[in-house]
Amino acid sequence: MEPDNQFPLEIEDVEPGLTKKLLEYFTGEMTGFVRVGPKKYFFPQKYKQEAANIYNMPIRPTDVFVTSYPRSGTTWTQELVWMVANDLDYEKSSSIPLTERYPFLEFSICVHPENKKKFIEENSDSKDKLELLEMVCQPGTEQLANTPSPRFIKSHMPLSLLPPSLLDTAKMVYVARDPRDVVVSFYHLNRLMRTQGYVGDFKTFWDFFRKGLHHWTPFFEHLKEAWEKRDHPNMLFLFYEELSRDLPASVRRVAKFFDKQFTDDQIDLLCKHLSIDNFKNNKSVNYDVMKVLGILVPGEQSFIRKGKAGGWRDYFDDEMTQQAEKWIEDNLRDTDLRFPHMQH
Ligand code: A3P
């Protein structure tokens, strides 16, 4: 490792017995998993290759990060932020897919080399698709080094695994969501994406999630790290439930954060653009590229799915509901983080 590319935290392999069990459930990973640092952030083993590159990536003052725990409304927030920061450029937004406008910093750690080989074989009839595949699978740090400013960056990394100078240099919008809706949505995504290839039931997935045995967990540590910085002038902390309840108000907050002024009509139009029905049919934001490349399992629910707050009730039985209540209560005890829609 280069002397200036150090990573200060310990990365330990997940123990063999647990690895064996997890590999049976997550068929998109073939080697194993790691836990990182004192909070034990959980990742596929390929994180080892990227940890230092991500931690030491040069940050530019014009960078805009949209970060979250997965399935918290990242895509929705990305498009909202991009539109505001780019003075409502509908033409560019519809002609350049969100995946190109926002390199996904750490997606490459989810693409196991065996899967990549398979994807290349399957797309070998088209040069365009192979190029697209290479772009999607390329480490975000490499891609971003060649991206002109201003850069828009998607990441699910917790703050402690991102460059320490980030918030004092660039802007970040973080979005959080009720973990019960997150876990339902993430369960579907883990079935949908061949890079994850989850083959178990929902209850088992919920167990992995709340026990910190799934990518980017522990969930609450992730949120708390961002929440602690919510008053930093370069941090805007949003909740999915707030976007859901009053999107125009959230648009105004984002506009203020980026020092932009819009008329009520412009805000109305943007809210229509950002509606779930529009998103489902908008190829620029609905991860059509993953479908084109065959990375999605046919027959599973789509990347942009229901788009509702509170849908978890259809998935949780009484036992899981109680587990969730206790888990949330236990994890909120040492923080003033509160979900705006919950009765705490
Ligand atoms: P559901 O699976 O509950 O429907 P992320 O972008 O972080 O992966 O989050 C995905 C979640 O946000 C999914 O939740 C998805 O349907 C929802 N979502 C995406 N676009 C949305 C929109 N325009 N309005 C409301 N929800 C949206």
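Above this note sits the structure.
What comes next is a walk through the structure. (Residues numbered from 1 in each chain as written. Predicted model: local features only at pLDDT ≥ 70, side-chain atom pairs only at ≥ 80, totals over all residues. Heavy atoms only, no water.)

Within the chain, the regular secondary structure consists of 18 helices and seven strands. In summary, the chain has a C-alpha radius of gyration of 19 Å against a globular reference of 20 Å for 344 residues, a match within 12%. Taken along its principal axes, the extent of the C-alpha atoms in the chain is 60 × 50 × 45 Å. Counting across all 344 residues of the chain, residues that qualify as buried make up 56%. Within the chain, contacts between residues at least 6 apart in sequence are counted, and of these 76% link residues at least 24 apart. About 15600 Å² of surface is accessible on the chain, with carbon and sulfur atoms providing 48% of the total. Placing the 45 positive and 52 negative side-chain charges of the chain at their respective mean positions leaves the two points 2 Å apart. (Helix = DSSP H or I, 4+ residues; strand = E, 2+ residues; numbered from the N terminus. Rg over C-alpha atoms; globule rule 2.2 N^0.38 Å. Buried < 20%, exposed > 50% of the residue type's maximum accessible area, 1.4 Å probe, protein only. Contact = heavy atoms within 4.5 Å. Areas by Shrake-Rupley, 256 points an atom, 1.4 Å probe, with all protein chains shown as cover. Lys, Arg positive; Asp, Glu negative; His and termini not counted. Charge placed at Lys NZ, Arg CZ, Asp CG, Glu CD.)

What follows is about the side chain of T19. Mapped onto the elements of the fold, T19 is located in helix 1 (residues 16–25). Using a relative accessible area of 9% as the deciding quantity, one classes T19 as buried. A distance of 3.0 Å separates a polar atom in the side chain of T19 from the backbone oxygen of V14. Residues contacting T19, with those up to four places away along its chain left out, are V14, T31 and G32. (Polar contact = N/O pair within 3.5 Å; in protein donor to acceptor, adjacent residues only side chain to side chain.)

Think of two packed helices as two axes; the pair is described by the angle between the axes and how far apart they sit. Their axes nearest at 10 Å, the elements helix 14 (residues 247–257) and helix 15 (residues 264–273) cross at an angle of 115°. Considering the angle they form, helix 14 stands roughly perpendicular to helix 15. By crossing handedness, the relation of helix 14 to helix 15 is classed as right-handed. Touching L247, P248, V251 and R252 of helix 14 are D264, I267, L270 and C271, all from helix 15. In terms of residue class, the contact of helix 14 with helix 15 is built from six nonpolar, no polar and two charged. (Axes fitted to C-alpha atoms, helices over the stretch in contact; angles between N-to-C directions. Parallel < 35°, antiparallel > 145°, perpendicular 65-115°, else oblique. Left-handed = near helix turned anticlockwise from the far one by under 90°. Nonpolar A, V, L, I, M, F, W, Y, C, P; charged D, E, K, R; others polar.)

Time to look at the pattern of salt bridges. For the coordinates displayed, the defined rule picks out 23 salt bridges. For the salt bridge of E12 with K40, the shortest nitrogen-to-oxygen distance reads 3.3 Å. A residue pair is termed long-range when its members are at least 10 positions apart, and E12 in strand 1 (residues 11–13) and K40 in the loop between strand 2 (33–36) and strand 3 (41–44) qualify at 28 residues. By relative accessible area, which is 40% here, K40 ends up partly exposed. (Salt bridge = Lys/Arg side-chain N within 4 Å of Asp/Glu carboxyl O.)

Our next topic: the site of the ligand. Near the ligand you find 18 residues, and of these T74, T75, S185, R305 and G307 are the closest. Between L274 and the ligand, the recorded distance is 2.8 Å, taken from a backbone N or O atom to a nitrogen atom. Out of a free accessible area of 570 Å², the ligand has 98% covered by protein chains. The set of elements that each furnish at least two residues to the shell around the ligand consists of helix 3 (74–85) and helix 16 (276–281). The greatest single-element share of the shell around the ligand, amounting to three residues, is contributed by helix 3. Residues that form the shell around the ligand fall into these classes: seven nonpolar, seven polar and four charged. (Near = heavy atom within 4 Å.)

By themselves these figures say nothing about function.
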